[in-house]
Amino acid sequence: MTTPSDDMRTTPPLAPRRDAVTTAHGRTIVDPYAWLKADNWQEVLRDPSVLPADIRRHLEAENAYGATVIGRVADLHASIAAEMRARLKEDDSSVPAPDGPFSYYTRYRAGGQHPLVCRKPNAGGDESVLLDGEALAAGKPFYRLGQRRHTDDHALLAWSSDDAGSEFFTIRVRDAAALQDLPDLVEGATGEVVWAADGRSFLYVKLDPNHRPKHVYLHRLGEPVASDVLVYEEAADGWFVNIGESRSGRFAFIEISDHETTEVHVLDRADLAAPPRLVEPRQTELRYEVEHFGDRFVILTNADGAEDFKLVTAPLDAPGRRNWTDLVPHRPGVMILSMAPFRDFLVRTERQDAHPRIVVRAADTGEEHAIAFDEEAYSVRAQPGYAFDTPALRFVYSSMTTPAETYDYDMAARTRRLLKRQEVPSGHDPADYVTRRLFATAPDGEIVPVSVVYRADRPEGPSPCLLYGYGAYGISMPADFDTECLSLVDRGFVYAIAHVRGGTEKGWRWYMSGKREHKTNTFTDFIAVAQALCDAGLTAPGRIVAQGRSAGGMLMGAVANMAPDLFAAVIAEVPFVDVLTTMLDATLPLTPPEWPEWGNPIESAEAFDAILSYSPVDQVSAQRYPAILAVGGLTDPRVTYWEPAKWVARLRESAAAGSGPFVLRIDMDSGHGGASGRFDRLQEVAQSYAFAVGAAQGLLTA
C-alpha cells in the first residue's frame, strides 16, 4: 500500500483517459475509464492483493482525497457515530426461537462487533455458544457469518462464512455437543444448506468462476468434496439457483429464477439423492413458490393473470399447473407477499396501498382473520421460526417512531404476547416525533406514497431533508424504526422514504411500471416526491440530500443528472451507475440474470437506446452538480468497484464549475454489504450522514 502525498489528499484525482470503443447496433460508445476494471477482476474478488498497481494507486488517491473532504466534518462524523452507538444495546440478543428440545438465538457481547450463535435446552440448562463470531473474526479485516442450519436431531450444525466480502462462502459442519468442526469443508458456495432427514448428508449450491449459482450438489459427511453428487445443473447463464426446505421438514426445494420467472423442483428429504421432481416447467413471467401444507402443496403464484398473486393447492404426487386449484383467489390491488404453513394454520402477508398486514387462515375451516395495527405508517414482518406444530406465530412490529416490538401471536386464541421491545439505551420518546404518510403526484398522474418522520417541535418553514429511494426488483422499502436516522432528525432534518415505482408498495404493477422500458418512471417519481415535500413546506430545493444504495444508487445517479438543482447532495452507496456497459458485458456475475430487469442491449437496439438514455455514467453532462458521495467495495460481486470509480471520473471531467465536491470512497476490504462489524458499519452510516449535514450546512468545501 502506498502512502498518500499531501497533494493526493487535497487535490481531486483526475483519472487518465484511455479510450475504449464499443460498437453495438450501429452505435459507438467511447468509455475513457474502462481501464479501471481490472482484467483479473475474478481473482480480485477472492484476493484483493492482486489488484493491478495502477488501479490501486488511483483508488488510494481517491480515498485520500475523500478522507480530506470528509475530514472537514470529522467532529460531526464522530458525534453522529457516538450517538448511533449510544442508541444500540451493546449486549443485545434476539428472542430465542424454539425447535424441539432447544431454542436458538444470537447475542452480542458488550463491545463486540460480531454475533454469537447460541442455544439453550428448553427444559433448563446452560447456554451453548455454537459459534463465536467475535473469535472467528479475530485478525480479519472482513468477516461475516452466513447461513446456519442444524440437523433434525440437533447433533450437527452446518454453518458458512465469508472472509473477503466477495460472497464466496465456505461451509463447515460443527459437532454441536463437542463444539468442534468436522473435516468436511465446502468452498465457493452460496452458503445455503438443506440437510437430509438422517443428518448424514446435505445439499448446497456451488458458485461458478463467474460467481453464478448454477449447480446443486449433495455432500455426504466424511467423503471428499470431489466425490459430491451433482443433483441439479442449470445450463443457462441468466438464472439464480437457490435451495430451501418446507416448513414441515418433509421436502427440499430447488428454485430456479430470474427477476420475472421461476421453476421449482422437489425432493424428499428422506432421499436427497433421488432425481428432483419438476413442479411446473418455466414459462416467461410465470412465478410460483411452493410449500407443503397437509396432504397437498400450497403454491403462491401469478398464474392465470393473477398480477398481485393468489394461493393455489396441488396434489403431492401431481403438482403441475393443470392440477392447481384456487385457495385464496386473486384480488387486484392486494398483493400477497409470502406464505408460511403451520400444521393447523396457513399464514400469509399482504400489502394494500403500501400498508402491510398478516392474515391467518384455519386449515380445517378456512376461516380467516387479520392481525390489526393502528398507526398510519408502519412495518410488520412475520417470523415463522422453526416450529411447525404450534399455534404460535412470531411477528415484529415497528413504525418510524415506534421501536421494534416482537410478539408471539396465538393463532387459535387470537391473543398476542409481547416478548421484547427494542431498547434504546440513550433514551427515546415516540411522542417527540411525528410520522406521516404523504402522497406525491407523478408526471403521468400516478400517486406515489411517501413515509415521513420529523421532530414534533420542528420549526415552521422548510427544513433540510434526507430523501431515501430504491425502486427496483419489486423490493419495497418498509416504514420501520431506524435509530440511525434519528441523528439527522434530531438535527432538524425531515427524513423521508419515497416509495417509487420499481418496488411493490402498490402491487405488482407498481414494479412492472418501473422496469425495462418504463424505468424512467422510478426517477420521475423520486423527483415528484422531492417537489411534493417542497410544496408541503417541509423542505425546499437545494436543501434535500438524496440517498440510495445499489440499484437505488442508479436512481441517485439518474436524478443527479435530471434535476441537480433540487439537491444539496447525493449519497450513492455501491451504486449501479454504469448500466449500459455492465449490461453489455455478459461475463459479469449478474449481467445475464439482470436482463429481464433492465433489458438486453446486446440483442435489442430498443433496450440499448432505453438504457443509454438514463445510464448515469453515460448521461453526465456539463452542468452544475451537487456534492456527491459515492461508496463502493473492492470485492463487491454485485456492483463492481469500477462503477462508482468511473462515475466520479466522468463527473470530474464534465461537470460545470462550482460543482461538487465529488467524493469516492472504496472500501479495500469489503464487498456489497459494507463493513462486517456492527460498529464499523455504524461508522460508515455516520460518514454518510455527516456528509449530508455538511452539505446542507455548506461545510464540505475548503
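Each residue is numbered by its place in its chain's sequence as written, counting from 1. Where local features are concerned, this predicted model is filtered to residues with pLDDT of at least 70; where side-chain atom pairs are given and counted, the filter is 80 or more; whole-chain, interface and lining totals use all residues. The side-chain values count all of the structure's non-hydrogen atoms but skip hydrogen atoms and water molecules.

Description of unusual backbone geometry
Logical step 1: Pro 661 follows Gly 660 through a cis peptide bond whose omega is 5°.
Logical step 2: In this text, helices come from DSSP runs of H or I with a minimum length of four residues, and strands from runs of E with a minimum of two, each type numbered from the N-terminal end. Residue position: Pro 661 is located in the loop between helix H14 (642-654) and strand S37 (662-667).
Logical step 3: Its identity as a non-glycine residue notwithstanding, Val 574 has a phi of 35°, on the positive side.
Logical step 4: Here Val 574 shows up in the loop between strand S35 (567-573) and helix H10 (579-583).
Logical step 5: Relative accessibility under 20% of the residue-type maximum defines a buried residue, over 50% an exposed one, and the middle range a partly exposed one, all with a 1.4 Å probe and only protein chains included. A residue is classified by how much of its surface remains accessible, and Val 574, at 3% relative accessible area, is buried.

Examining the pattern of salt bridges
Logical step 1: A pairing counts as a salt bridge when a side-chain nitrogen of Lys or Arg comes within 4 Å of a carboxyl oxygen of Asp or Glu. Under the criterion given, the structure shown has 50 salt bridges.
Logical step 2: One salt bridge in this structure joins Asp 152 and Arg 269, with 2.9 Å as the shortest N-O distance. Taken together, the residues span a long stretch of sequence, with Asp 152 in the loop between strand S7 (144-150) and strand S8 (156-162) and Arg 269 in the loop between strand S16 (262-268) and strand S17 (277-278) at a distance of 117 residues.
Logical step 3: In this structure Arg 269 comes out as buried when scored by relative accessible area, which is 2%.
Logical step 4: Where Arg 455 meets Asp 490, a salt bridge forms, and the shortest distance between an N and an O atom there is 3.0 Å. Pair noted here: Arg 455 is in strand S31 (residues 447-455) and Asp 490 is in the loop between helix H6 (486-489) and strand S33 (494-498), with a separation of 35 residues, a long-range link.

Some remarks on the nonpolar core
Logical step 1: Here, nonpolar core refers to any group of buried Ala, Val, Leu, Ile, Met, Phe, Trp, Tyr and Cys residues whose side-chain atoms link them within 4.5 Å. Of all hydrophobic cores here, the largest spans 125 residues; its most connected members are Leu 59, Leu 467, Tyr 495, Phe 526, Leu 533 and Phe 567.
Logical step 2: A total of 10 residues in this core trace back to one element, the largest contributor, which is helix H15 (residues 678-696).

What to know about helix H8 (residues 520-535)
Logical step 1: Each residue after the first adds 1.5 Å to the expected span of a helix. Between the first and last C-alpha of H8 there are 22 Å, a value that for 16 residues agrees with the 22 Å anticipated at 1.5 Å per step.
Logical step 2: Among all positions of H8, only Asn 521, Thr 522, Phe 523, Asp 525, Phe 526, Ile 527, Ala 528, Val 529, Ala 530, Leu 533 and Cys 534 are buried.
Logical step 3: With its phi angle positive at about 80°, Gly 537 sits one or two positions after the end of H8.

So, the pairing of strand S9 (residues 169-175)
Logical step 1: Counted residue by residue, S9 has five buried out of seven residues, so it is predominantly covered.
Logical step 2: Each pair of strands is called paired provided DSSP finds at least two bridges between the two strands. Taken together, the six bridges between S8 and S9 define a ladder with antiparallel strand orientation. By the bridge assignment for S9, Ala 158 is matched with Val 173.
Logical step 3: Taking the residues between adjacent antiparallel strands as the criterion, S8 and S9 are bridged by six residues, where Gly 165 takes a positive phi near 85°.
Logical step 4: With five bridges connecting them, S9 and strand S10 (residues 180-195) associate as antiparallel partners. In the strand pairing of S10, Asp 175 is matched with Gln 180.

A short note on the environment of Thr 435
Logical step 1: Tracing the sequence through the fold places Thr 435 in strand S30 (residues 433-441).
Logical step 2: Since its relative accessible area comes to 15%, Thr 435 is described here as buried.
Logical step 3: Expressed as a C-alpha distance, the spacing of Thr 435 and Gly 677, which sit 242 residues apart in the sequence, is 30 Å.

Here's the deal with the packing of helix H4 (residues 74-86) against H15
Logical step 1: Axis lines are fitted to C-alpha atoms, over the contacting stretch for helices. Their N-to-C directions set the angle, which ranges from 0 to 180 degrees. Between H4 and H15, the least distance of the axes is 8 Å, while the angle of their chain directions is 130°. If you check the angle between H4 and H15, you find them oblique. Crossing handedness for the pair H4 and H15: right-handed. Across the interface between the two elements, Leu 76, His 77, Ile 80, Ala 81, Met 84 and Arg 85 from H4 touch Phe 679, Leu 682, Gln 683, Val 685, Ala 686, Gln 687, Tyr 689, Ala 690, Val 693 and Gly 694 from H15.
Logical step 2: Classification used: nonpolar for Ala, Val, Leu, Ile, Met, Phe, Trp, Tyr, Cys and Pro, charged for Asp, Glu, Lys and Arg, polar for all others including Gly. Counted by class, the contact of H4 with H15 contains 11 nonpolar, four polar and one charged residues. An angle counts as roughly parallel when it lies under 35 degrees, as roughly antiparallel when it exceeds 145, as roughly perpendicular when it falls between 65 and 115, and as oblique in every other case. Take the far helix as the reference: if the near one is turned anticlockwise from it by less than a right angle, the crossing is left-handed, and if turned clockwise, right-handed. Only heavy atoms enter the contact rule, under which two residues are in contact if any of them lie within 4.5 Å.

Considering the packing of H8 against helix H9 (residues 551-562)
Logical step 1: Between H8 and H9, whose axes approach to 9 Å, the crossing angle comes to 65°. By the angle between their directions, the pair H8 and H9 is classed as roughly perpendicular. The handedness of the crossing between H8 and H9 comes out as right-handed. Taken together, the residues of H9 that come into contact with H8 (itself represented by Thr 522, Phe 523, Thr 524, Phe 526 and Ile 527) are Met 554, Leu 555, Met 556, Ala 558, Val 559 and Met 562.
Logical step 2: Residues of the contact of H8 with H9, tallied by class, amount to nine nonpolar, two polar and no charged.

Focus: the packing of aromatic side chains
Logical step 1: Stacked, edge-to-face and tilted are the three classes for Phe, Tyr and Trp ring pairs, Trp counted by its six-membered ring, which pair at centre distances within 6.5 Å; planes under 30 degrees apart are stacked, over 60 edge-to-face, the rest tilted. Evaluated as defined, the whole model comprises 21 aromatic pairs.
Logical step 2: With 4.9 Å between their ring centres and 75° between their planes, Trp 508 and Tyr 511 make a pair best called edge-to-face. On the criterion of helical spacing, the pair formed by Trp 508 and Tyr 511 is a turn pair, its members being three residues apart in helix H7 (residues 508-512).
Logical step 3: Among the residues examined, Trp 508 registers a relative accessible area of 10% and is labelled buried.
Logical step 4: Consider the rings of Phe 526 and Phe 567, whose centres lie 6.3 Å apart with planes at 35°: the pair is tilted. Separated by 41 residues along the polypeptide, Phe 526 in helix H8 and Phe 567 in strand S35 bring together distant segments of the chain.

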